[in-house]
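This is what each chain is made of:
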Amino acid sequence: MYIINTCAVTAESGRKSAQIIRRALNRGGCVAVIGCYSQLDPTINEIQGVSYIGGNRDKAAVFRKADELLENSRTRYEESFDLSGPGYESLCIGTQRTDVFSTCRAYVKIEDGCNGRCSYCIIPKVRGPVRSRPVAEIISEVQRLAIKGYKEIILTGIETSAYDYAPLSELINIVDGIEGIERLRFGSLSPNTITDGFLTAAADSRKFMPHIHLSLQSASDRILKLMRRPYNKEQMIKKMEMINTRMPDMLISADFIVGFPTETESDFLQTIDFVNAYGLSHVHAFPFSPRPGTAAASMSGKIPARELKKRNEILIEHSRNVKKRILERYNGESVKVLIESIAKGEYRGHTEDFLETKFTSFTQKKIGDIAEVNISSTDGEYLIGRSE
Ligand code: SF4
C-alpha cells in the first residue's frame, strides 16, 4: 500500500506529488493520497485508480482504514476537506511508533495552519487557520520521545512562530526540564519571534542549541512589502543584532525567495549584501514560483525564467562562500556531534550550531551518541574530523 502525503508549497512540489502518485499506480497495489496537493487541486480526484483521497483534515484516518482499503482497493473513499473544524489535530506518525524509526532526532509538531497573508503563499488556504497544540500534549509527547531514546527535539509547525497557546520561551523552559532530551531546536521562525523574552529563555537554556533558521525571504523593503511580510529590513537587522549581542556564538541560516515579481537588480543585491554582512551559515534559496490562487500569481513584472535561474545560482554561490569561511573557522576546534548515521566506518551528524560533520573514530560509537570531534578540515559542505 502506498500512502502519499502530497505537498503543494511550490508548483514544482505539486508536479512531483502528481508524478509520485502515477509512479505508485504503475507499480500496482493500493494508493492513498493525502495532504496539501489533494486539498488544493481537485484535479487529483481525476487520477484513475487512487483508492483513497484525503486532504489535510484527519490525515490519520487513512491508517484506520488501511485494512479495508487493502482488502478492496477498488473501493474509493473521499474524506471531508473542511479545515474549519476543531483545534489542533495531532498526527503521531513517528512518535507513537518510534520503534519503527531508527533515529535520534524527532520533529514535534506544535501547531498547524497560518493566519498570515503573504502574497506568494498558498499555505493558509490548504492548512487553514492557526491551531496551537496544548502545552500538556507537547510535554507528554516530548517525554515519550525521551523515554524512547531521542536526544534532539525540533519543535515545528506550519508557521511555528504563530504558536499561541503559550510563549515559545515557555516551551524552551519546559523542554529544558525534560530528562533525556539533550538538544532543542525550532523549525523555521519569523524574525518577529526574536524578542528579549525568547532570547533570554534560549540563552538560559542548557538545551537550546546555538542555531536559528529564519524565514526572511528578501532584504529589500520594496519586495518585503509586495510579499506582505510582517517586517521590514530595519527590523530584520535589529533582530540579527539582538541575536548577535545576546548569543554571539549563534549561527543563523535563512530562507530567501529569489526573483519575486518586479525584483530589480538592486533589490536582489540587497539580499546578497545581507547574506554576506550577517554571515548566514546556510541559505535555502527558492526561485519564485507562482501559485494559482495567490495574489503574487497575478502580479505583473514576472522575472524571466533564465534571469530567475541566474539570480538563484548567484545567491547560492554567495551563500556557499560564506558557509565555507564559517566552516574554515573550525579547523583545530573540538565540537560536539550528535551521531545520526553510520556507514562504512564513517559517522555523520550535526554540531550544536547545526553544521554537518563527518568523522572517523578510534572507538566504536552508536547512533544517538554525542561525540567530541576534533576538526581538521572541511570540504565546503561538511566539517571533517576525528573522535577518540
Ligand atoms: S507566514 Fe509563512 S505560511 Fe503563513 S502565509 Fe506567510 S509564508 Fe505562508
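Our structure's up above, just so we're on the same page.
Please read all numbers here as calculations on a predicted model, not as lab measurements. (Residues numbered from 1 in each chain as written. Predicted model: local features only at pLDDT ≥ 70, side-chain atom pairs only at ≥ 80, totals over all residues.)

Student: Which parts of the structure should I look at to understand unusual backbone geometry?
Tutor: Apart from glycine, the bulk of residues carry a negative phi angle, and the bulk of peptide bonds sit in the trans form. Even without a glycine there, the phi angle at lysine 344 is positive, about 50°. Relative to the helices and strands, lysine 344 resides in the loop between β12 (334-343) and β13 (346-351). Looking at lysine 344, the number of C-beta atoms within 10 Å reads 4, which means it is exposed. Phi angles above zero are rare outside glycine, and phenylalanine 354 is one such case at about 65°. Mapped onto the elements of the fold, phenylalanine 354 is located in the loop between β13 and β14 (356-361). Judged by the 17 C-beta atoms lying within 10 Å of it, phenylalanine 354 falls in the partly exposed class. (Helix = DSSP H or I, 4+ residues; strand = E, 2+ residues; numbered from the N terminus. Buried ≥ 20, exposed ≤ 12 C-beta atoms within 10 Å, placed from the backbone.)

Student: Explain the sheet that holds strand β10 (residues 251-258) here, please?
Tutor: In a beta sheet, neighbouring strands are held together by backbone hydrogen bonds and run either parallel or antiparallel to one another. Taking strand neighbours across the sheet as the criterion, the three strands line up as β9-β10-β11 in an open arrangement whose pairing is parallel. Because the sheet does not close on itself, it has two edges, and the strands there are β9 (211-217) and β11 (282-287). Taken pair by pair, the neighbouring strands of this sheet meet at an average axis angle of 15°, ignoring direction. Relative to β11, β10 runs parallel, the two being bridged by six bridges. Paired with isoleucine 257 across the bridge in β11 is phenylalanine 286. (Pairing = 2+ DSSP bridges. Axes fitted to C-alpha atoms, helices over the stretch in contact; angles between N-to-C directions.)

Student: It is not clear to me how helix α7 (residues 168-176) should be interpreted in this structure. Could you clarify?
Tutor: Given 3.6 residues to a turn, an α-helix orients residues that are three or four positions apart in the same direction. Among the residues of α7, those classed as buried are Leu168, Ser169, Leu171, Ile172 and Val175. On an axial view of α7, the arc spanned by its buried residues comes to 160°, and they lie on one face. Those residues of α7 that are buried are in contact with α6 (135-148), β7 (152-157), β8 (183-186) and α8 (196-204). (Arc of directions from axis to C-beta. Contact = placed C-beta atoms within 7 Å.)

Student: Even after reading the chapter, I still don't get the sheet that holds strand β16 (residues 383-387), so can you show me in this structure?
Tutor: In spatial order, the strands read β12-β13-β14-β16-β15; together these five strands close into a barrel with mixed pairing. Within this sheet the neighbouring strands show an average axis-to-axis angle of 50°, counted without direction.

Student: I'm lost on the pairing of β14 in this one. Help?
Tutor: Within a regular strand, the side chains alternate between the two sheet faces. Here four bridges tie β13 to β14, and the two strands are oriented antiparallel to one another. Residue pairing across strands places glycine 349 opposite threonine 357, the latter belonging to β14. The hairpin formed by β13 and β14 contains four residues between the paired strands, and phenylalanine 354 there has a positive phi angle of roughly 65°. In the sheet, β14 pairs with β16 via five bridges, with the strands oriented parallel. Within β16, the residue paired with lysine 358 across the bridge is isoleucine 384.

Student: What am I meant to see in the site of the ligand here?
Tutor: Cys114, Gly116, Cys118, Cys121, Ile123, Pro124, Ile158 and Glu159 make up every residue found near the ligand. Grouping the amino acids of the shell around the ligand by side-chain chemistry returns six nonpolar, one polar and one charged. (Near = placed C-beta within 6 Å. Nonpolar A, V, L, I, M, F, W, Y, C, P; charged D, E, K, R; others polar.)

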